[in-house]
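Overview (structure and organization)
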Amino acid sequence: MNNKATKVRYGVVFMLFITVIVNYMDRSNISIAAPFITKELGIDSVTMGLIFSAFGWTYCALQIPGGWVLDKLGNRNTHAIGIAGFSIMNLLQGFASGFSGMFLLRVGLGVFEAPAFPTNSKVAASWFPENERARAISIYTSGQFIGLAFLTPTLIFLQQSFGWRGLFIIAGIVGLAWSVLWYIFYRDPNKSKKVNQAELDYIREGDGIIEASEKGEKVKIGAKDFRIILSSRKLWGIFIGQFAVSSTLWFFLTWFPTYLVEYRGLSFIKTGFLSSLPFLAAFVGVLSAGFLSDFLVKKGVSKIKQEKHQLSLVYYCQPQL
């Protein structure tokens, strides 16, 4: 009898990695298409800024409701519906004929993408013990940067070959295909037929949330819990740091290619290369930080345990882009 633990969790983190790449492809391809959208639809820079911002408004506002939806529908259904939804919004942008249509579709994109990172976090907490969790999160989070770094030249090629409308349509079709594959292949650890008992025990002993998943435990969150979260100095440090990082990242996700083309006069080939550099650097930084964090935890340098209801609220409130 083979008691060696399976490694199904590694396949799960790879699926999250692909999910994040698809997620960022669908939210950032408008930066590649922006110079052509403004010309064809007669949109000025101020109006284009409103279109860029529309996604962020609903994405931010629905982070906490997105977490509640996740608790109701579960990891598998939430990601499948969310990916399919934002892929449809992305595909339809290829048929937009003016500001109103593009604006509303960007609003819809934010709605369906809002549960994405809370779901990623809960999947990681379900499948990975605490001493491997930072590593897992850094791997799938790095997907946003490695995907943007290598996809930017690809998206520029697609835009040049099929036009900006074709770019949105192709990206939407890819996302829809991935939503189907996610639904077919993903299962929570207590429902997976591929994971063996040894791996389940390893995850459980490392404070994975298998038990809560098995029992269907519901976490109630009230005003007291918000006070606990908002009074934490550590979390305020995270909030402020994330705000600063996100503000910088948003420029690269929206205006950077337009800036290089229209204000620096660079060709699209050079723009694709230069647009990739910040994301490659971020990929190295995020991945290194995750592995370093797990190393420090194993060495006993830093290990923080929080109450279960606090962790849940952090998942919902985490303002990740």
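See the structure printed just above.
Residues numbered from 1 in each chain as written. Predicted model: local features only at pLDDT ≥ 70, side-chain atom pairs only at ≥ 80, totals over all residues. Heavy atoms only, no water.

1. Details of the overall build of the protein
This is how the line gets drawn: Each helix is a run of H or I in the DSSP string that is no shorter than four residues. Each strand is a run of E no shorter than two, and both are numbered from the N terminus. For every residue, the accessible area (1.4 Å probe, protein chains only) is compared with the maximum for its type, and the residue is labelled buried under 20%, exposed over 50%, or partly exposed between those bounds. Note on contacts: a residue pair qualifies if any of its non-hydrogen atoms lie within 4.5 Å across the two residues. For accessible areas, the Shrake-Rupley method is used with a probe of radius 1.4 Å. Any residue's cover is judged against the shown protein chains and nothing else.
Looking only at helices and strands, the protein has 13 helices and 0 strands in total. When the helices and strands of the protein are placed in sequence order, the string is α-α-α-α-α-α-α-α-α-α-α-α-α. Looking at the protein as a whole, 47% of its 321 residues are labelled buried. A fraction of 84% describes how many contacts in the protein between residues 6 or more apart in sequence connect residues 24 or more apart. Working note: accessible area of the protein is about 15,700 Å², and carbon and sulfur atoms make up 67% of it.

2. Some thoughts on helix H2 (residues 45–61)
Put simply, the test is: Here a helix's expected span is defined as the number of its residues, less one, multiplied by 1.5 Å. A residue's bend is given by the angle between axes fitted to the 7 residues ending at it and the 7 residues starting at it. Here a polar contact means two N or O atoms within 3.5 Å. Within protein one must be a hydrogen donor candidate and the other an acceptor candidate, and residues neighboring in sequence count only if both atoms are side-chain atoms.
For H2, built from 17 residues, the straight-helix expectation of 24 Å at 1.5 Å per residue is met to within 8% by its first-to-last C-alpha distance of 25 Å. The sharpest bend along H2 measures roughly 30° and falls at serine 53. Measuring from the backbone nitrogen of valine 46 back to the side-chain oxygen at the start of H2 gives 3.3 Å, which picks out aspartate 44 as the cap.

3. Looking at the pattern of salt bridges
Defined as follows: Salt bridge criterion: a side-chain nitrogen from Lys or Arg within 4 Å of a carboxyl oxygen from Asp or Glu.
With the rule as written, the count across this model stands at 6 salt bridges. Among the ionic pairs, glutamate 132 bridges to arginine 9, the shortest N-O distance being 2.9 Å. A residue pair is termed long-range when its members are at least 10 positions apart, and glutamate 132 in helix H6 (residues 130–185) and arginine 9 in helix H1 (residues 8–41) qualify at 123 residues. Side by side, glutamate 132 and arginine 9 carry an identical accessibility label, which is buried. Here arginine 27 and glutamate 113 are joined by a salt bridge, their closest N and O atoms 2.6 Å apart. One end of the pair, arginine 27, is in helix H1; the other, glutamate 113, is in helix H4 (residues 99–113), and 86 residues separate them in sequence. Exposure class is identical for arginine 27 and glutamate 113. Each is buried. Salt bridges sharing partners connect three or more residues here, namely Arg9, Glu132 and Glu199.

4. A look at the nonpolar core
To keep things clear, this is the line we draw: What makes a nonpolar core is a set of buried Ala, Val, Leu, Ile, Met, Phe, Trp, Tyr and Cys residues whose side-chain atoms join them at distances within 4.5 Å.
Judged by nonpolar contacts, the single largest core of 59 residues is most densely connected at Ile30, Ile37, Met48, Trp127, Tyr140, Trp164 and Tyr186. For this core, the elements supplying multiple residues, two or more each, are H1, H2, helix H3 (63–93), H4, helix H5 (116–127), H6, helix H7 (197–205) and helix H10 (233–254). The biggest single contributor to this core is H1, with 17 residues.

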